[in-house]
Number of protein chains: 2
Amino acid sequence: MDDERRVLLAHGGGGRLSRELIEREIVSRFGQEALQGLPDAAALTLNTPSIRFTTDSFVVQPLFFPGGCIGDLAVHGTLNDLAVSGARPLYLSLSMILEEGLPWSTLRRVLDAIRAAVRASGTLVVTGDTKVVRRGQCDGIYLSMAGIGAGLEAFSLSPASIRPGDVILVSGTLGDHGMAVLSARESLFLDSGLVSDTASVFPLVEAMLPWASGVRFMRDPTRGGLAATLHEASVGCGFVLDETELPFAPAAVVIADLLGISLLHAPCEGRMVAVVAPEVAEAILAVWLGLPEGCGACRIGRAEGMAGRVTLRTMIGGVTLLDMPHGELLPRIC
Amino acid sequence: MDDERRVLLAHGGGGRLSRELIEREIVSRFGQEALQGLPDAAALTLNTPSIRFTTDSFVVQPLFFPGGCIGDLAVHGTLNDLAVSGARPLYLSLSMILEEGLPWSTLRRVLDAIRAAVRASGTLVVTGDTKVVRRGQCDGIYLSMAGIGAGLEAFSLSPASIRPGDVILVSGTLGDHGMAVLSARESLFLDSGLVSDTASVFPLVEAMLPWASGVRFMRDPTRGGLAATLHEASVGCGFVLDETELPFAPAAVVIADLLGISLLHAPCEGRMVAVVAPEVAEAILAVWLGLPEGCGACRIGRAEGMAGRVTLRTMIGGVTLLDMPHGELLPRIC
């Protein structure tokens, strides 16, 4: 029966069908104290005055791709914004815009993925909202999440604190998420085995805590990829990347070449880029390599040169400037 | 020039055009300390451990309607969820999904309305996100906001604490928002003078503080209107409404009659329903009547009868049961 069921406009109307959707599909999955009274606002008690607050919307297409779906992607994206700001993620909100006619089974798969990702992270979904729009006014499901985290005072992050000689670390191969989504969307190389890197990077942040004073900058390279992330971090000092050190999945290279996309501009959704003092780089790399989230970690370059300049030393010994991506190469990738 | 400018997919891509949109249109309006570094997460310091956290998405159609637009509606809706939970709104996040081709002037008008509503409320927009989807995958603009507020400990709100004899107060006419939006959407009675009630209800909450211990329940009657709000509050005791006391704007009555909609099920976006102890009802009513947000305030009934039952004493002396709305009479009203 539920296999044929679809989302109706009435599921967003505030009446009985809305309540049924909330109780059967939302509270049943995320029901804990804060959500059970179905309040419009969750009452929370924080044990720190220093918090981080973030939000993101997710419009990825297709909704399901190798390695994940819009649901876990939304959770990870929100957790990661908190994590790279130097915070422990605590609470999430979940706001859904659904298209009339969406199969109920699709909604359930997405909600199941959200639940699994939230549980794995040790956080809670404490408040939410659901709207339904007519067919053709949305593309299946759009999600917006907001997150609250507790600031980790050990970190004192600022791109302005980056000094020449600081080391750039990444936690794994670059651009897998972008290429996995494009491969699913364009039905290209579906048997390549490439999967999205969608994951929480908080374990990588937590692992750096013993060396936190040597960490200048950390970021998950999402839209705009590594290139945009390093440009953003180059306010005080430039960067030099060694092309031979850059980690790429072979299948991602094939897909990127075919589509004419640079993997340096392609988004990750579960990787970390950190710029750290040279004296802590080895220790952080070692602890990252011991984690599932960091098993592909490596050094890729160093801080050097003029602010605003990101340079690539190519395999054949040349030097090229790495541009800030101008526009939208990859719409609806997250 | 800007009059002809439109939103491009590239404005959501994470590259230079994204940054330009954020800097020129977002930071210029909401730029204060927390947002100026363009962090993915805002760092905030709270002076209370007890917070409230809420989220809502907004898909109202048309984007502009008499008395407001999707921008101020989103701010007020988010503030009001915090306010009626017994909290002082502090911080907001703003997540936008834009349709490719949206006129730049429309985006600016919406952002200006957001800024005006945020400033009037004394809160701050501290973090945000923008996505752009292709034409036909969204209807102009969808907004999601989340909000953080500081719990006001004087309130101890619970529908279970409602006792027979408690008084139901409303702060003004019912259903104006729903009828103003429908009138704009259907081009009906555009000269009626009816405007949406979109507003922050926090001044009404703050005004109740001296009598907070006598306040059992407060809610802004949005989707599902007064009927849904009272059904939600009827977990411990029923309610009896006096039809002769219900406040309606004459133009709203005309539009509702024409469309076959009950104003008791129509949404407000700036009204307050409060159930209060009889000994504080007069004092609260008096202070509400002195505020612009409460100048149409009145008593409309009392707690009485079986839990789950909301009864209407009609003008001609009859008694009818007021149903919980079943489905979606009014799609995309907020």
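Please read all numbers here as calculations on a predicted model, not as lab measurements.

Novice: Got a minute to help me understand the overall build of chain A in this structure?
Specialist: Helix and strand counts for chain A come out as nine helices and 14 strands. Its C-alpha atoms give chain A a radius of gyration of 21 Å, within 12% of the compact-globule value 20 Å for 334 residues. Taken along its principal axes, the extent of the C-alpha atoms in chain A is 65 × 50 × 30 Å. Looking at chain A as a whole, 62% of its 334 residues qualify as buried. Long-range pairs, those at least 24 residues apart, make up 85% of the contacts in chain A between residues at least 6 apart in sequence. Carbon and sulfur atoms provide 52% of the accessible area of chain A, an area that totals close to 12,000 Å². One finds the centroid of the 26 positive side-chain charges in chain A at a distance of 5 Å from the centroid of its 36 negative side-chain charges.

Novice: Would you explain the domain arrangement of chain A in this entry?
Specialist: The parts lose accessible area when they come together, and the size of an interface is often stated as this lost area. Residues and elements named next belong to chain A. Domain assignment breaks chain A into domain 1 (9–151) and domain 2 (159–321). Placing the centre of domain 1 and that of domain 2 at their C-alpha centroids yields a distance of 28 Å. Taken together, the contact pairs 20 residues of domain 1 with 21 residues of domain 2. Taken together, the two surfaces of domain 1 and domain 2 that pack against each other cover about 1,600 Å², and 63% of this comes from carbon and sulfur. Looking at the side of domain 1 facing domain 2, the largest losses of area belong to P66, N80 and V84, adding up to 34% of the total buried there.

Novice: I'm lost on the environment of I333 of chain B in this one. Help?
Specialist: Residue and element names in this part refer to chain B. Take I333: it is sitting in the segment after β14 (319–321). Exposure remark for I333: the relative accessible area of 3% places this residue in the buried category. Along the primary structure I333 and M306 are separated by 27 residues, whereas in three dimensions their C-alpha atoms are 32 Å apart. Those residues in contact with I333 that sit more than four places away from it in its chain are V60, L73, H177, G178, V181, L182, R185 and P267.

Novice: Sorry if this is basic, but what is going on with the relation of the copies chain B and chain A here?
Specialist: Mapping one chain copy onto the other needs a rotation about an axis and a shift along that axis. Taken as rigid bodies, chain B and chain A are interconverted by a rotation of 180° and an axial shift of 0.0 Å, the fit giving an RMSD of 0.0 Å. Accordingly, the operation relating the two chain copies is best matched by a two-fold axis. Scanning chain B for the C-alpha nearest the rotation axis identifies C138 of chain B, at a separation of 2.4 Å. A shared interface surface links the copies, since 100% of the contact residues of chain B are contact residues in chain A too.

Novice: Explain the sheet that holds strand β6 (residues 124–133) of chain A to me, please; I cannot follow it from the model alone.
Specialist: Strand pairing in a sheet takes place through backbone hydrogen bonds and is either antiparallel or parallel in direction. Pairing within the open sheet is mixed, and its five strands lie in the order β6(A)-β5(A)-β7(A)-β2(A)-β1(B). Of all strands in the sheet, those bounded by a partner on one side alone are β6 of chain A together with β1 (41–45) of chain B. Going from strand to strand, the sheet's axes swing by 20° on average, the running direction of each strand aside. Note: strand β5 (residues 87–99) of chain A against strand β7 (residues 141–151) of chain A, 11 bridges, orientation antiparallel. Looking at the pairing, R88 of chain A lines up with A150 of chain A of β7 of chain A.

Novice: Can you walk me through the environment of S200 of chain B in this structure?
Specialist: All names here are of chain B. Here S200 lies in the loop between α5 (176–186) and α6 (202–207). Distance from S200 to A228, taken between C-alpha atoms, is 20 Å for residues 28 residues apart in sequence. Apart from the residues within four sequence positions on either side, S200 is in contact with H76, L79, N80 and E293. A distance of 3.1 Å separates a polar side-chain atom of S200 from the backbone nitrogen of F202.

Novice: Would you mind showing me how to read the pairing of strand β8 (residues 167–170) of chain B here?
Specialist: Note on strand geometry: in a regular strand, side chains alternate between the two faces of the sheet. Residue and element names in this part refer to chain B. Where burial is concerned, the two faces of β8 agree: the one with V167 and L169 and the one with I168 and V170 are both buried. Bridging between β8 and strand β12 (residues 298–303) involves four bridges; their strand directions are antiparallel. Looking at the pairing, I168 lines up with G301 of β12.

Novice: Any chance you could explain the packing of aromatic side chains here in plain terms?
Specialist: Working definition: an aromatic ring pair is given by the centre-to-centre distance plus the angle between the planes. By the definition in use, this model includes one aromatic pair over all chains. Note on F53 of chain A and F53 of chain B: the rings are 6.4 Å apart at their centroids and 80° apart in plane angle, and the pair reads as edge-to-face. One end of the pair, F53 of chain A, is in strand β2 (residues 50–58); the other, F53 of chain B, is in strand β2 (residues 50–58), on a second chain. F53 of chain B shares its class with F53 of chain A; the two are buried. Above the ring of W104 of chain A, the side-chain terminus of R5 of chain A is found at 4.0 Å from the ring centroid.

Novice: Would you mind going over the packing of helix α1 (residues 16–30) of chain A against helix α4 (residues 104–121) of chain A with me for this structure?
Specialist: In a pair of packed helices, the angle between the axes and the distance between the axes together describe the arrangement. Residues and elements named next belong to chain A. Contact pair α1 / α4: the axes reach a minimum separation of 9 Å and the direction vectors enclose 25°. One finds that α1 runs roughly parallel with respect to α4. As α1 runs across α4, the sense of the crossing is right-handed. Where α1 approaches α4, its residues L21, E25, I26, S28, R29 and F30 are matched on the opposing element by W104, L107, R108, L111, D112, I114, R115 and R119. Its residues assigned to classes, the contact of α1 with α4 shows seven nonpolar, one polar and six charged.

Novice: It is not clear to me how the interface of chain B and chain A should be interpreted in this structure. Could you clarify?
Specialist: Listed by partner, the interface residues are 67 residues for chain B and 67 residues for chain A. In total, about 5,500 Å² of surface goes out of reach between chain B and chain A, with carbon and sulfur atoms giving 57% of it. For the chain B face of the interface with chain A, the top three residues by lost area are R16, F53 and R223 of chain B, together amounting to 14%. Between the two partners, chain B and chain A, sit two salt bridges. R223 of chain B is paired through a salt bridge with D129 of chain A; the nearest N and O atoms lie 2.7 Å apart. One can count 23 residue pairs in polar contact (both at pLDDT 80 or more) joining chain B with chain A. Looking at the side of chain B that touches chain A, the elements with two or more residues in it are α1 (16–30), β1, β2, α3 (70–84), β5 (87–99), β6 (124–133), β7 (141–151) and α7 (225–233) of chain B. Counted by class, the side of chain B that touches chain A contains 29 nonpolar, 22 polar and 16 charged residues. In this structure, β2 of chain A lies alongside β1 of chain B, joined through five bridges in antiparallel fashion. Within β1 of chain B, the residue paired with I51 of chain A across the bridge is L44 of chain B.

Scoring rules and cut-offs
Residues numbered from 1 in each chain as written. Chains lettered and ligands numbered in written order. Predicted model: local features only at pLDDT ≥ 70, side-chain atom pairs only at ≥ 80, totals over all residues. Heavy atoms only, no water. Helix = DSSP H or I, 4+ residues; strand = E, 2+ residues; numbered from the N terminus. Rg over C-alpha atoms; globule rule 2.2 N^0.38 Å. Buried < 20%, exposed > 50% of the residue type's maximum accessible area, 1.4 Å probe, protein only. Contact = heavy atoms within 4.5 Å. Areas by Shrake-Rupley, 256 points an atom, 1.4 Å probe, with all protein chains shown as cover. Lys, Arg positive; Asp, Glu negative; His and termini not counted. Charge placed at Lys NZ, Arg CZ, Asp CG, Glu CD. Domains from an automatic or database assignment. Buried area = accessible area lost by both parts, 1.4 Å probe. Least-squares fit on C-alpha atoms with pLDDT ≥ 70 in both. Pairing = 2+ DSSP bridges. Axes fitted to C-alpha atoms, helices over the stretch in contact; angles between N-to-C directions. Polar contact = N/O pair within 3.5 Å; in protein donor to acceptor, adjacent residues only side chain to side chain. Phe/Tyr/Trp six-rings, centres within 6.5 Å; stacked < 30°, edge-to-face > 60°. Lys NZ or Arg CZ within 6 Å of the ring centre and 35° of its normal. Parallel < 35°, antiparallel > 145°, perpendicular 65-115°, else oblique. Left-handed = near helix turned anticlockwise from the far one by under 90°. Nonpolar A, V, L, I, M, F, W, Y, C, P; charged D, E, K, R; others polar. Salt bridge = Lys/Arg side-chain N within 4 Å of Asp/Glu carboxyl O.

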